[in-house]
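Structure at a glance
Here are the chains, one letter per residue:
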Amino acid sequence: MVVGTRTSSWTGAARWTLLLLLVSLMGLGGCDKMRKEAIAMVNEGVRCLNRGDDGTARSHFLRATRHDPEYASAHYHLGLVDAHYSETPSAGLRHFEEALRLGPPNVETLFQLGRLKVETGNPEGALIHLEKALELDWNHAPSWFYKGTAYRALSRPADADRAWRESISIQPFEGRAYLELGELYEEYGANEEAFDLYEEGRRHNPGNGDLINAVGVLATRLGETEKAVEAFNRALEIQGARMDALYNLSFAYAEAGLQQKAIASLQSYLVFADPEKDKVQIEMARAVQDALMIERKRKRAK
């Protein structure tokens, strides 16, 4: 009956900080009127992105590429918007490739190409770009992270392990590499190693609900319900609106024989879950809640 769900996200703040710096650095290369106007368009696009207006941002970046087709930064930023905000992220590839062609080569363009190729199903191609990015900056943690993701997609777990370990050593306060490597260990039955890794991640990231939730999911699966309940409750203390932790807590209570708490948690989940996003989990939660209530009535009737 155990159903564990996990969520994680790569933080966007660092990405947009790099974006702003990149506009400034790449914009210094040209002094003519067309280039200055293109730089102004890109900078306005960045301001739109920082306000959350990706549609207007894309318009500014597209205008910049047409105004000055040789301006690499305009193509790079157009690629970012397409990769992160469009319905067809692969559209970003040609813009990144154009930015790379116009050069000079830089870590961020190579990284974004590698990341996007991983996410669009071309891990072999991704490795080429990620390795070139690391030649320019050996300590670029995101490139190591996606290098690990590419290796995992290629069924090369030892290489994925090494790459994610490099990412962790460079950026220990980013939780995603711990999560991915921990899931890899679980996949190969190395549960104690996975627990140790999640706990290591928690020490560096005490407020990371994803890592705490991962501890709870693994503990539930292994029958360590007390540890699971503690972890899910802790995740909810940090992020009260975390539906995956509330959902998982319900099952941990049920596994521990705490029917009343399980029913109450399931009821809370059913009230707050997104009916569109969480359809499968909602159906499961209703089925389990009904089963628990029937079992409770049966016991009371004895």
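Keep in mind that what you see is a predicted model, and the values were worked out from it rather than measured.

Topic: the overall build of the protein chain
- The secondary structure content of the protein chain amounts to 16 helices and zero strands.
- Within the protein chain, the fraction of its 302 residues that count as buried is 50%.
- Working note: accessible area of the protein chain is about 14800 Å², and carbon and sulfur atoms make up 52% of it.

Structural notes on the nonpolar core
- Counting 58 residues, the largest nonpolar core has Trp 164, Leu 181, Tyr 198, Tyr 269 and Leu 292 as its most contacted members.
- For this core, the element with the highest residue contribution is helix H14 (residues 243-255), accounting for nine residues.
- In this structure, Ala 38, Tyr 71, Ala 74 and Leu 78 belong to the second largest nonpolar core, which totals 14 residues.

So, a negative patch on the surface
- Together, Glu 192, Glu 193, Asp 196 and Glu 224 give the surface a local cluster of negative charge.
- Mapping Asp 196 onto the fold places it in helix H11 (residues 191-204).

Looking at the confidence of the model for the protein chain
- Taken residue by residue, the protein chain gives an average pLDDT of 89. The fraction at 70 or more is 89%.
- Across residues 8-18, confidence stays below pLDDT 50; counting only partners more than four residues off in sequence or on other chains, it has 18 contacts.

Considering the side chain of Lys 117
- Assignment of secondary structure puts Lys 117 in helix H6 (residues 107-119).
- By relative accessible area, which is 13% here, Lys 117 ends up buried.
- For Lys 117, the residues in contact, after removing those within four places along its chain, are Leu 93, Glu 97, Asn 122, Pro 123, Gly 125, Ala 126 and His 129.

Observations concerning helix H12 (residues 209-221)
- Taking 1.5 Å as the rise per residue, H12 with 13 residues should run 18 Å; its terminal C-alpha atoms sit 18 Å apart, in good agreement.
- With respect to burial, H12 is a largely interior element, 12 of its 13 residues being buried.
- Among the residues of H12, Gly 209, Asp 210, Leu 211, Ile 212, Asn 213, Ala 214, Val 215, Gly 216, Val 217, Leu 218, Ala 219 and Thr 220 are the ones counted as buried.
- Taken together, the buried residues of H12 touch helix H10 (176-187), H11, helix H13 (225-238) and H14.
- Phi for Gly 223, located one or two positions after H12, is positive at around 80 degrees.

Some thoughts on the packing of aromatic side chains
- If you walk through the whole model with that rule in mind, you get seven aromatic pairs.
- Ring centres 4.9 Å apart and planes at 90 degrees place the aromatic pair Trp 138 and Trp 144 in the edge-to-face group.
- The interplanar angle of 50 degrees and the centroid separation of 5.1 Å between the aromatic rings of Tyr 247 and Tyr 269 together place this pair among those described as tilted. Linking Tyr 247 in helix H14 with Tyr 269 in helix H15 (residues 259-272), this pair joins segments that are 22 residues apart in sequence. Each member of the pair, Tyr 247 together with Tyr 269, is buried.
- Each residue in the set Phe 111, Phe 145, Tyr 146 and Trp 164 is aromatic and connected to the rest through ring pairs, giving one cluster.
- A cation sits over an aromatic face here: Lys 227 above Phe 195, 3.8 Å from the ring centre.

Brief notes about the packing of helix H5 (residues 92-102) against H6
- Between H5 and H6, the shortest axis-to-axis distance is 9 Å and the interhelical angle comes to 155 degrees. Here H5 lies roughly antiparallel to H6, going by the angle between them. Like other packed secondary-structure pairs, H5 and H6 cross with a definite hand, here left-handed. For the pair H5 and H6, the contacting residues are Gly 92, Leu 93, Phe 96, Glu 97, Ala 99 and Leu 100 in the first and Thr 109, Leu 110, Gln 112, Leu 113, Leu 116 and Lys 117 in the second.

Thoughts on the pattern of salt bridges
- In the structure shown here, the tally under the stated rule is 20 salt bridges.
- The residue Arg 101 makes a salt bridge to Glu 98 at a minimum N-O spacing of 2.7 Å. Of this pair, Arg 101 and Glu 98 are both found in helix H5, three residues apart, which corresponds to roughly one turn of the helix.
- For Arg 101, a relative accessible area of 54% corresponds to the exposed category.
- Residue Glu 276 pairs with Lys 279 through a salt bridge whose shortest N-O separation is 3.9 Å.

Regarding the environment of Arg 101
- As a C-alpha pair, Arg 101 and Glu 70 span 31 residues in sequence and 9.6 Å in three-dimensional space.
- A polar contact is formed between the side chain of Arg 101 and the side chain of Glu 98, at a distance of 2.7 Å.

What counts and what doesn't
Residues numbered from 1 in each chain as written. Predicted model: local features only at pLDDT ≥ 70, side-chain atom pairs only at ≥ 80, totals over all residues. Heavy atoms only, no water. Helix = DSSP H or I, 4+ residues; strand = E, 2+ residues; numbered from the N terminus. Buried < 20%, exposed > 50% of the residue type's maximum accessible area, 1.4 Å probe, protein only. Areas by Shrake-Rupley, 256 points an atom, 1.4 Å probe, with all protein chains shown as cover. Core = buried A, V, L, I, M, F, W, Y, C linked by side-chain atoms within 4.5 Å. Patch = residues over 30% accessible without salt bridge, like charges linked within 9 Å, V, L, I, M, F, W, Y side chains within 5 Å. Salt bridge = Lys/Arg side-chain N within 4 Å of Asp/Glu carboxyl O. Lys, Arg positive; Asp, Glu negative; His and termini not counted. Charge placed at Lys NZ, Arg CZ, Asp CG, Glu CD. pLDDT = per-residue confidence, 0-100. Contact = heavy atoms within 4.5 Å. Expected span 1.5 Å × (residues − 1). Phe/Tyr/Trp six-rings, centres within 6.5 Å; stacked < 30°, edge-to-face > 60°. Lys NZ or Arg CZ within 6 Å of the ring centre and 35° of its normal. Axes fitted to C-alpha atoms, helices over the stretch in contact; angles between N-to-C directions. Parallel < 35°, antiparallel > 145°, perpendicular 65-115°, else oblique. Left-handed = near helix turned anticlockwise from the far one by under 90°. Polar contact = N/O pair within 3.5 Å; in protein donor to acceptor, adjacent residues only side chain to side chain.

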